[in-house]
Amino acid sequence: MTPMTSPESAARFRHSPRRQYYRGGNLDRVRAVEDLRARAHKLMPRLVLEYLEAGAGSEATLDREREAFAEWRFLPHTLVDESHRSTERELLGRTAAMPLAIAPTGLNGLFRYHADTMLAKGAARFGVPFIQSTMSNDPMEEVGKVPGLRHWWQLYVFGGEEIWQELLRRADAAGCEALVLTTNSQIFGDREWSDRTRTATGGPTLASIFDAARHPRWMVAALRHGLPRFANVLDFIPKDQRGFFESAHWIRSQMPRDLSWNDVARIRSRWKKPMFLKGLLNLEDVRRARDSGVDGIMLGSHGGRQMDWAASALDILAPAREIVGESVALYMSGGIRHGTDILKALLLGADAVLSGRATLYGLCAAGADGVTCALETLRRQMLNEMGQLGVSSLDALSAEVMVRREKLPVALAS
Ligand SMILES: Cc1cc2nc3c(=O)[nH]c(=O)nc-3n(C[C@H](O)[C@H](O)[C@H](O)COP(=O)(O)O)c2cc1C
């Protein structure tokens, strides 16, 4: 797979010589998340890469998530004191190094052994929360021991009520600070590219096995440690279905298709700490969520992996902010690859963003150090662009420094 260019960089590079991202292992040479992605593409076999990258159906949503950022341009102020700049912001009342949390992602053990712990270490070192998925591979109690970690737990509802009750009890006991209930995945997305790497029964195709053999580092680790297990939910899975592919299939088959606002209310009353609803993309749902007693909403399309031809979270951020006002926290996910993406999301009304693939590229490239490197890269880009923009703190961002591309050239409004 050749690394994609973002819509912005396609414009920038049109008249430039042919260029390549850095694919080596020296993190000091990483200039952009795309370098980590290029390294990840070098190290990971196709089976794993398609799981990481593939969107649903024709991948129109995945495409939109990047394209949406390219529709906004900055109008920078000059002659402003930019000597001290900070990307810090309070998340749930505590200072985070950046307005970002690492998104919940399942099956991380496919990328590296103990990948969930590596993501947690990268996040803790840098100073942002890590959201652990129900479909993660390291036990939440082990991840919770990472020093300095702000640990949030993401819940997929599957099976009977006793399962989510037990998962919430354990998450609370493991010290999780917040709960993130994912609402848009009760029907699994139609990820045809990922499916093509596997046979009808779920195992890898022969071509995928040959391809994996051509990625010796990944293959040696996979042979040494075996395929990952769903450590947090294994006890709920029937004994004869506990293999990797079988358990993933079984859990999906147990997701109630009729998850509803009543379930949200029941989970809300059971979980006493802050709670977010994740995966909203409709303004009427945003209104209901605001009134449902949750503390925050995470807009997004699951990284383009669920519905094809959906809007991106960025498209609905501004009206969503109008609906919720300051009553609940508003986060967005989808397509964050550069510090400017975070600034654009904040300017449109987000309190914070989630990073899915950007930090996973770091993980694939270099484990926990790669995760921290991805976060540091985003922060470096943010700090630079804040200086270019003429703002020294995130609270000083004001909407007038950004305009939709089609509104250029700018007319005098009044
Ligand atoms: C490999 C992968 C696995 C994911 N697994 C989950 C999951 O288990 N639970 C969940 O709520 N979201 C999951 N997501 C969605 C992410 O939480 C997030 O919304 C998305 O990755 C954001 O888009 P980005 O990858 O462009 O940053 C997953 C995304 C990816 C890429």
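These numbers come from a predicted model, not from an experiment.

Another point: the UniProt feature "domain: FMN hydroxy acid dehydrogenase" (unreviewed entry) in the chain. Sequence positions flagged by UniProt for "domain: FMN hydroxy acid dehydrogenase" (unreviewed entry) are, in local numbering, residues 25–407. Across residues 25–407, helical content stands at 43% and strand content at 12%; the span's end C-alpha atoms are separated by 42 Å.

The element helix H2 (residues 33–43) is largely enclosed, with a buried count of 10 among its 11 residues. Listed in full, the buried residues belonging to H2 are Val33, Glu34, Asp35, Leu36, Arg37, Ala38, Arg39, Ala40, His41 and Leu43.

The ligand sits among 21 residues. The nearest are Pro104, Ser133, Thr182, Gly335 and Arg357. A distance of 3.2 Å separates a nitrogen atom of the ligand from a polar side-chain atom of Gln154. A distance of 2.9 Å separates a nitrogen atom of the ligand from a polar side-chain atom of Tyr156. Taken by itself the ligand offers 600 Å² of open surface, and the protein chains cover 98% of this. If you list the elements that add at least two residues to the shell around the ligand, you get helix H3 (46–53) and helix H16 (357–389).

The UniProt entry lists Pro104, Thr105, Gly106, Ser133, Gln154, Thr182, Lys278, Gly356 and Arg357 under the feature "binding site: FMN" (unreviewed entry), expressed in the numbering used here. Its location among the elements puts Thr182 in strand E7 (residues 178–182). Dropping the residues within four chain positions of it, Thr182 is found in contact with Gln154, Leu155, Tyr156, Leu259, Lys278 and His302. Side-chain polar atoms of Thr182 contact the side chain of Gln154, separated by 2.9 Å. By the secondary structure assignment, Arg357 is in helix H16.

On to the environment of Val146, then. As for its placement among the helices and strands, Val146 is situated in the loop between helix H6 (140–143) and strand E6 (151–155). Between the C-alpha atom of Val146 and that of Met118, which follows or precedes it by 28 residues, the distance is 9.3 Å. Each residue touching Val146, except ones within four places of it in the same chain, is listed here: Thr117, Ala120, Lys121 and Ala124.

Looking at the secondary structure, you find Arg321 in helix H14 (residues 313–324). Those residues in contact with Arg321, other than ones at most four positions away along the chain, are Glu326, Val328, Leu330, Leu348, Gly349, Ala350 and Asp351.

Criteria and thresholds
Residues numbered from 1 in each chain as written. Predicted model: local features only at pLDDT ≥ 70, side-chain atom pairs only at ≥ 80, totals over all residues. Heavy atoms only, no water. UniProt positions renumbered as here; feature names shortened; annotations may be inferred. Helix = DSSP H or I, 4+ residues; strand = E, 2+ residues; numbered from the N terminus. Buried < 20%, exposed > 50% of the residue type's maximum accessible area, 1.4 Å probe, protein only. Near = heavy atom within 4 Å. Polar contact = N/O pair within 3.5 Å; in protein donor to acceptor, adjacent residues only side chain to side chain. Areas by Shrake-Rupley, 256 points an atom, 1.4 Å probe, with all protein chains shown as cover. Contact = heavy atoms within 4.5 Å.

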